[in-house]
Amino acid sequence: MAGSAAPVVGVLALQGDFREHIAVLHSLGADARPIRRPEELAEVAGLVIPGGESTVMDKLSRAFGLAEPLKAAISSGMPVYGTCAGLIMIADRVLDAIEGQQSLGGLDISVRRNAFGSQLDSFETDLDIPVLGDPPVHAVFIRAPIVEDAGGGVRALASLGDGRIVAVEQGNLLGTSFHPEMTGDTRFHEYFLGRVRSA
Ligand code: GLN
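Residues numbered from 1 in each chain as written. Predicted model: local features only at pLDDT ≥ 70, side-chain atom pairs only at ≥ 80, totals over all residues. Heavy atoms only, no water.

## Some words on empty space enclosed by the protein
Moving on, step 1. What the rule picks out here adds up to one cavity of 30 Å³ or more.
Moving on, step 2. Along the walls of the largest cavity sit Asp58, Arg62, Ala67, Lys71, Gln102, Ser103 and Leu104, which together make up its complete lining.
Moving on, step 3. When its residues are assigned to classes, the lining of the largest cavity shows two nonpolar, two polar and three charged. (1 Å grid on protein atoms, 1.4 Å probe; cavity = no way out; pocket = protein on both sides within 12 Å on 5 of 7 lines; lining within 4 Å. Points joined across faces, edges and corners; volume = space filled by probe spheres on them. Nonpolar A, V, L, I, M, F, W, Y, C, P; charged D, E, K, R; others polar.)

Rendered as structure tokens:
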């Protein structure tokens, strides 16, 4: 049965914690591969963009000729999941970007980089995420971005207690401000793989 084959998914491996994502995806039975070149991107059915530093990922993706193929993959409907810096990469609008920073875009959101400031660089909290069910997701935030506004086609999947949005989806694009690849809770990756299987 074609549907039972392991989904082939890439993890953008220019910078950041791509190894952790590959390990989670392998543990879920996916054929997960690091992506550094356009030829590698052409062979996958879905892509994870990891956490790290969006300014560096932006520069490297342009330098390696990956930015345009990535944009084309996003607009063709490839399922993409961005965590933290990866969420910034797939946002249409980036606030507090460095000069010249570009994103790939796709998600109709404005995202603010390093939104929690230097006094609260990192923190952990439990989030109720209805699409994932019980129990709450233990979320790790590290110099995390926040979704400041979202267009009508964007669905908020999770918010902090004060209402600020930290997980979104729009079509085949999924993004979280936090890092599920660090906690052993695989539900976001399973949710993403479900998208890849049905795309
Ligand atoms: N602050 C980083 C950025 O702007 C994101 C941090 C992360 O991915 N943990 O890209």
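From this point, the narrative continues.
## Observations concerning the site of the ligand
Moving on, step 1. Near the ligand the following residues occur: Gly51, Gly52, Glu53, Ser54, Cys84, Ala85, Ile88, Arg113, Asn114, Ile142, Arg143 and His179.
Moving on, step 2. Within the backbone of Ser54, a nitrogen or oxygen atom sits 2.5 Å from an oxygen atom of the ligand.
Moving on, step 3. Asn114 places a polar side-chain atom, nitrogen or oxygen, 2.6 Å from a nitrogen atom of the ligand.
Moving on, step 4. For the ligand, whose unbound accessible area comes to 300 Å², protein coverage reaches 95%. (Near = heavy atom within 4 Å. Polar contact = N/O pair within 3.5 Å; in protein donor to acceptor, adjacent residues only side chain to side chain. Areas by Shrake-Rupley, 256 points an atom, 1.4 Å probe, with all protein chains shown as cover.)

## Quick notes on the pairing of strand β6 (residues 107-112)
Moving on, step 1. Two strands pair when backbone bridges link them, and strand β5 (residues 91-95) and β6 are joined in this way by four bridges, in the parallel orientation. The partner of Ala91 across the bridge, within β6, is Leu107.
Moving on, step 2. As judged from the four bridges shared by β6 and strand β9 (residues 146-150), these two strands associate in the antiparallel manner. Within β9, the residue paired with Arg112 across the bridge is Ile146. (Pairing = 2+ DSSP bridges. Helix = DSSP H or I, 4+ residues; strand = E, 2+ residues; numbered from the N terminus.)

## Quick word on the pattern of salt bridges
Moving on, step 1. This model, assessed by the stated rule, comprises 16 salt bridges.
Moving on, step 2. Linking Glu40 and Arg37 is a salt bridge whose minimum nitrogen-to-oxygen distance equals 3.6 Å.
Moving on, step 3. The exposure class assigned to Arg37 is partly exposed, which follows from its relative accessible area of 43%.
Moving on, step 4. Two residues, Arg93 and Asp108, come together in a salt bridge whose shortest N-O distance is 3.0 Å. Of this pair, Arg93 sits in strand β5 while Asp108 sits in strand β6, placing them 15 residues apart in sequence.
Moving on, step 5. Given a relative accessible area of 32%, Arg93 falls into the partly exposed group.
Moving on, step 6. The partly exposed category is assigned to Asp108, whose relative accessible area is 26%. (Salt bridge = Lys/Arg side-chain N within 4 Å of Asp/Glu carboxyl O. Buried < 20%, exposed > 50% of the residue type's maximum accessible area, 1.4 Å probe, protein only.)

## Digging into the environment of Met182
Moving on, step 1. Residue position: Met182 is located in the loop between β12 (173-176) and α6 (187-198).
Moving on, step 2. A relative accessible area of 41% places Met182 in the partly exposed class.
Moving on, step 3. Spatially, the C-alpha atoms of Met182 and Ala139 are 8.9 Å apart, while their sequence positions differ by 43 residues.
Moving on, step 4. Excluding its chain neighbours within four sequence positions, the residues that come into contact with Met182 are Asp17, Val140 and Ile142. (Contact = heavy atoms within 4.5 Å.)

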